[in-house]
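# Examination of the molecular architecture
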Amino acid sequence: DFYEIDSWDSDDRNGPDCVYVHFGNLRIFMGVYSSSNDEGPRQGRQGDIEWSSRSLGAPAHLGFHPTYKDQKHRFTFIIPHKYYSTTGTMVVKLETVVNSGKEDESGGWDNIKLYELYQCGRRLSAEENNFDKYQFRDTVAETKDEGEQGGNGDVNGEISDVDHAVDDCWEASKHIDVSQIPMESCRVSEDVVPIQILFQNGESVTFSVSQFWKGCDDETEAISWLATDFIRSDGDLTCARADSVRCGEVGIYTAKCDGGFSTVDLYVYDRPGKVFQSTENKVSVPLACSAVGDKSKMCHFRYLLQCQPSLCDQVKDKELMGIETGNLVL
């Protein structure tokens, strides 16, 4: 909590009278203050730290100089773990900038609290997700029947088909290695698949997110916001939000894999309420997404992305049975 005490007079004539909060080398400007104004709610983002401020009561005489009114404000910051993960410590500096001595104006700080914020259920590990109970499409790569016999009894046709299958399995896997996990009850105007895998390497998976629910027939229409919540390849849990989202691709992201899978949560909201309807009104959007709105007009979708092309395992099995790197194995 920040105390604005006595004659703060930020009116572009009598000084800056403002506040800064430092986290390591990042200096966050919290705004200017005046004893004659109720600053009310404020919010912003600097770097990758989100902050908000609200007044705890109207300006009133809390002490010190009897002529001026004072006011108490509560600051809240959401701080990514990279600011303290390396050393286990974090340097915080509280700074007030005023143009007069403390007998005329000053500032105070109190009730400094540190919380670890983690929304249970926001991120599940591979074990917790119990992937086995969610079925991915059972599709196999097609090869030519004549290739399995090699034409005149040789293996050239088979080698060609395996090479063809290796190329095809990567592309075919991208279309089937996405599975949706049922979440909160939600009705949507269009049943679409907003996630497409672009690349899989076992340790991470690159995917695109698209908005196909609204505006595909009218370019002037858009949903209010879409937030993509996932673990980045560097291990940081992040939420990427886009506002006024028109039909088409929203973004491309790379997620870290855990147990051969990666979990991606999509939160969507449309203010008119015609696209998304949450009948149970239980959608809980992570704080990191900085997204608000009527919960009855939100939806939450969770997807599992496989991190290895599933169809390529079948090609590998075929190679071990007789075809390996273009040579005949006896």
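By convention here, each chain's residues receive numbers from 1 onward along its written sequence. For this predicted model, a pLDDT threshold of at least 70 governs which residues receive local features, and a threshold of 80 or more governs which side-chain atom pairs are given and counted, while totals over whole chains, interfaces and linings are taken from all residues. Hydrogens are left out, water is left out, and the side-chain values use all remaining heavy atoms of the structure.

### A few points about the state of the cysteines
- When two cysteine sulfur atoms lie within 2.5 Å, the pair is treated as a disulfide. In total, this model carries five disulfides according to the counting rule given.
- Between Cys186 and Cys299 runs a disulfide, and the two sulfur atoms are separated by 1.4 Å. With a gap of 113 residues between them, Cys186 in the loop between strand E9 (178-181) and strand E10 (187-188) and Cys299 in strand E18 (residues 298-306) connect regions that are remote in the sequence.
- The buried label applies to any residue whose accessible area, calculated with a 1.4 Å probe on protein chains only, is under 20% of its type's maximum; exposed applies above 50%, and partly exposed to all values in between. Accessibility expressed as a relative area gives 25% for Cys186, which makes it partly exposed. Numbering of helices and strands runs from the N terminus, with a helix taken as a DSSP run of H or I at least four residues long and a strand as a DSSP run of E at least two residues long.

### Points about a negative patch on the surface
- Patch membership is restricted to residues that have no salt bridge and whose relative accessible area is over 30%. Joining uses 9 Å for like charges and 5 Å for the nonpolar side chains Val, Leu, Ile, Met, Phe, Trp and Tyr. Per-residue accessibility takes into account occlusion by the displayed protein chains alone, with areas from the Shrake-Rupley method and a 1.4 Å probe. Salt bridges are defined by distance alone: a side-chain nitrogen of Lys or Arg within 4 Å of a carboxyl oxygen of Asp or Glu. Residues scored as charged are limited to Lys and Arg (positive) and Asp and Glu (negative), so that His and the chain ends carry no count. For this purpose, a charge sits on NZ of Lys, CZ of Arg, CG of Asp or CD of Glu. On the surface, a cluster of negative charge is contributed by Glu190, Asp191, Asp217, Asp218, Glu219 and Glu221.
- Mapped onto the elements of the fold, Glu221 is located in the loop between strand E12 (204-211) and strand E13 (223-231).
- A residue is classified by how much of its surface remains accessible, and Glu221, at 34% relative accessible area, is partly exposed.

### Describing the sheet that holds E12
- Any two strands are treated as partners once DSSP identifies two or more bridges connecting them. Spatial ordering of the open sheet is given by E11-E12-E15, a layout of three strands whose pairing is antiparallel. Of all strands in the sheet, those with a lone pairing partner are strand E11 (195-200) and strand E15 (248-256), marking the two edges. The mean angle between the axes of side-by-side strands here comes to 25 degrees, regardless of whether they run parallel or antiparallel.
- Inspection of the sheet shows E11 paired to E12 by five bridges, in the antiparallel sense. Bridge pairing in E12 places Phe199 opposite Thr206. Only the contacting stretch of a helix is used when fitting its axis, a line to C-alpha atoms as for every element, and angles between N-to-C directions run 0 to 180 degrees.

### What about the pattern of salt bridges?
- Counting across every chain of the model gives 11 salt bridges.
- Between Asp48 and Lys82 there is a salt bridge, and its shortest N-O distance comes to 2.8 Å. Here the residue Asp48 occupies a position in the loop between strand E4 (42-46) and strand E5 (49-55), and Lys82 occupies one in the loop between strand E6 (71-78) and strand E7 (92-97), the gap between them amounting to 34 residues.
- A residue is classified by how much of its surface remains accessible, and Lys82, at 47% relative accessible area, is partly exposed.
- We note a salt bridge from Asp243 to Arg241, for which the minimum N-O separation is 2.8 Å.
- Accessibility expressed as a relative area gives 37% for Arg241, which makes it partly exposed.

### Digging into the environment of Val32
- Within the secondary structure, Val32 sits in strand E3 (residues 26-32).
- With relative accessibility at 35%, the residue Val32 sits in the partly exposed group.
- Sequence-distant contacts of Val32, defined by excluding residues within four places in its chain, comprise Ser10, Pro16, Asp17, Cys18, Glu39 and Arg42. Throughout, a contact is declared for two residues whenever any of their heavy atoms are within 4.5 Å.

### Remarks on the sheet that holds strand E2 (residues 18-23)
- Read from one edge of the open sheet, three strands run E3-E2-E7, paired in antiparallel fashion. Taken across any chain shown, the strands that pair with only one partner, and hence form the sheet edges, are E3 and E7. On average, each strand axis in the sheet is inclined to that of its neighbour by 20 degrees, with strand direction left out of account.

### A closer look at the pairing of E6
- Here three bridges tie strand E1 (residues 2-6) to E6, and the two strands are oriented antiparallel to one another. Across the sheet, the residue bridging to Tyr3 is Lys72, located in E6.
- Direction of pairing for E5 relative to E6: antiparallel, over a ladder of six bridges. When the bridges of E6 are listed, Ser52 appears paired with Thr76.

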